[in-house]
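Structural overview
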Amino acid sequence: MRRIAATQGLAVAGLLLLAPGPDVRGQTPEIRPTIVVHGGAGSFTRANTDSEAAGEIHASVGRALEAGMTVLDAGGSSLDAVEAAIRMLEDDPRFNAGKGAVFAHEARNELDASIMDGATRRAGAVAGVTHVKNPISLARLVMEETRHVLLAREGAEEFAIEQGVELVSPDYFFTPGAWEGLMRARENERAAAEATSTAPSTDEHYGTVGVLALDREGRLAAGTSTGGLTNKRWGRIGDSPLIGAGTWADERCAVSATGTGEFFIRNAVAYDICARVRYLDVSLAEAAETVIMDVLVEQGGDGGVIALDSRGNVSMPFNTGGMARGVLRSGGEPETWIFVDR
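Quick summary incoming for the structure in this document. (Residues numbered from 1 in each chain as written. Predicted model: local features only at pLDDT ≥ 70, side-chain atom pairs only at ≥ 80, totals over all residues. Heavy atoms only, no water.)

1. Topic: the packing of helix H1 (residues 51-73) against helix H2 (residues 78-90)
Any two packed helices are characterised by how steeply their axes cross, that is the angle between the axes, and by the distance between the axes. Packing of H1 against H2 brings their axes to within 8 Å, and their N-to-C directions diverge by 155 degrees. Relative to H2, the element H1 is oriented roughly antiparallel. For the pair H1 and H2, the crossing hand works out as right-handed. Contact residues: Ser 60, Arg 63, Ala 64, Ala 67, Gly 68, Val 71 and Leu 72 in H1; Ser 78, Asp 80, Ala 81, Ala 84, Ala 85, Met 88 and Leu 89 in H2. For the contact of H1 with H2, the per-class residue count stands at nine nonpolar, three polar and two charged. (Axes fitted to C-alpha atoms, helices over the stretch in contact; angles between N-to-C directions. Helix = DSSP H or I, 4+ residues; strand = E, 2+ residues; numbered from the N terminus. Parallel < 35°, antiparallel > 145°, perpendicular 65-115°, else oblique. Left-handed = near helix turned anticlockwise from the far one by under 90°. Contact = heavy atoms within 4.5 Å. Nonpolar A, V, L, I, M, F, W, Y, C, P; charged D, E, K, R; others polar.)

Here it is in structure tokens:
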């Protein structure tokens, strides 16, 4: 394991976990199934995360890793593992996805998710759903049961009803922390308007979840799920449901992103990382670090990614105060981190 040094004065915790290379006889070893999870960049800082909260976050990420690995160890596909792990995170109110989704300006929860199969480059996504308990499962159904990639709002929910997806009352998504975040953002917005006559954005972002998986067949998959930004307006959609921005998987590389989505959209971050691996023939770590620590930082963009390649190499760079994240390889133990030094 190699810890990447801080860059440009920012707290960085990109971890490159190296998979075994060819053995001494030049033979490639058997693929070791791997699952990688993030629980969002920007949410967890030392100032707002005490030891008890940190312990709960570590435990939640660990449970998601184990849920995905249970699927992989049973011979399941990388897609199955990604969906299983993200469903667990969507059901966990500690994260900004599913149950813990943040509130939009209109005091409702608008959820986005996407999933992609690296072996075929098939993908599915949903945006702005308000009654779907587990948006990641609906995104997978879009991929498998329609000729489309992205469905939004009422149309996505009509499709969910047709598919028999579990729906819930909007009250299901309520959590005190998310509500308090909206109240705080609204108050900040009002104060800024009174002071300057122009109200700047006071959106908060945190807790988007993402999962990558490599199965025994060497197939990669990626998925991302989020409630978006606190106090978002006018039907705003971020990078999480956009293939190539917040989620990407091909035969060599998979990425899930978290952060201020507008920057990830403008730079096609998830795709760009994998394209650098493919076309520049650079390592996964170099590609991910360049995009997160150079490209985004130069533009003022904040966030991070998890990245996994077909040999099992993992990179997790971020340029915020913390990013909940973890890795589990078949036969191993879950490894989880929040800050640079764990």
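2. A word on the sheet that holds strand S6 (residues 150-152)
In spatial order, the strands read S6-S5-S4-S8-S7-S3-S13-S14; together these eight strands make up an open sheet with mixed pairing. A single partner strand is all that each edge strand has here, and the edge strands are S6 and strand S14 (335-337). For this sheet the average axis-to-axis angle between neighbouring strands, irrespective of direction, equals 10 degrees. Bridging between strand S4 (residues 111-117) and strand S5 (residues 122-129) involves six bridges; their strand directions are antiparallel. Within S5, the residue paired with Met 116 across the bridge is Ala 123. On top of the sheet, helix H3 (residues 135-145) reaches S4, S5, S6 and strand S8 (220-226); it is set at about 135 degrees to S5, its chief contact. (Pairing = 2+ DSSP bridges.)

3. Comments concerning the packing of aromatic side chains
Inspection of every chain in the model, using the stated rule, returns five aromatic pairs. Taking the centre distance of 5.1 Å and the plane angle of 85 degrees together, the rings of Phe 103 and Trp 179 count as edge-to-face. Of this pair, Phe 103 sits in the loop between H2 and S4 while Trp 179 sits in helix H5 (residues 176-196), and the two are 76 residues apart along the sequence. Ring-pair connections join several aromatic residues into one group, and the members of that group are Phe 103, Phe 174 and Trp 179. The ring of Tyr 172 has Lys 99 lying over it, and the distance from NZ or CZ to the ring centre is 4.8 Å. (Phe/Tyr/Trp six-rings, centres within 6.5 Å; stacked < 30°, edge-to-face > 60°. Lys NZ or Arg CZ within 6 Å of the ring centre and 35° of its normal.)

4. Let's talk about the pattern of salt bridges
One pass over the structure, following the stated rule, counts 18 salt bridges. A salt bridge links Arg 216 to Glu 30; the shortest N-O distance between them is 3.8 Å. Of this pair, Arg 216 sits in the loop between strand S7 (209-214) and S8 while Glu 30 sits in the loop between strand S2 (15-16) and strand S3 (34-41), and the two are 186 residues apart along the sequence. Relative accessible area serves as the criterion here: at 37%, Arg 216 is assigned to the partly exposed category. Across the pair Arg 94 and Glu 56 runs a salt bridge whose closest N-O atoms are separated by 3.5 Å. Highlighted residues: Arg 94 in the loop between H2 and S4 and Glu 56 in helix H1, separated in sequence by 38 residues. (Salt bridge = Lys/Arg side-chain N within 4 Å of Asp/Glu carboxyl O. Buried < 20%, exposed > 50% of the residue type's maximum accessible area, 1.4 Å probe, protein only.)

5. Looking at unusual backbone geometry
One non-glycine residue, Arg 153, lies in positive phi territory at about 50 degrees. Turning to its location among the elements, Arg 153 is positioned in helix H4 (residues 153-163). Backbone geometry places Asn 231, a non-glycine residue, at a positive phi of 70 degrees. Relative to the assigned elements, Asn 231 resides in the loop between S8 and strand S9 (247-249).

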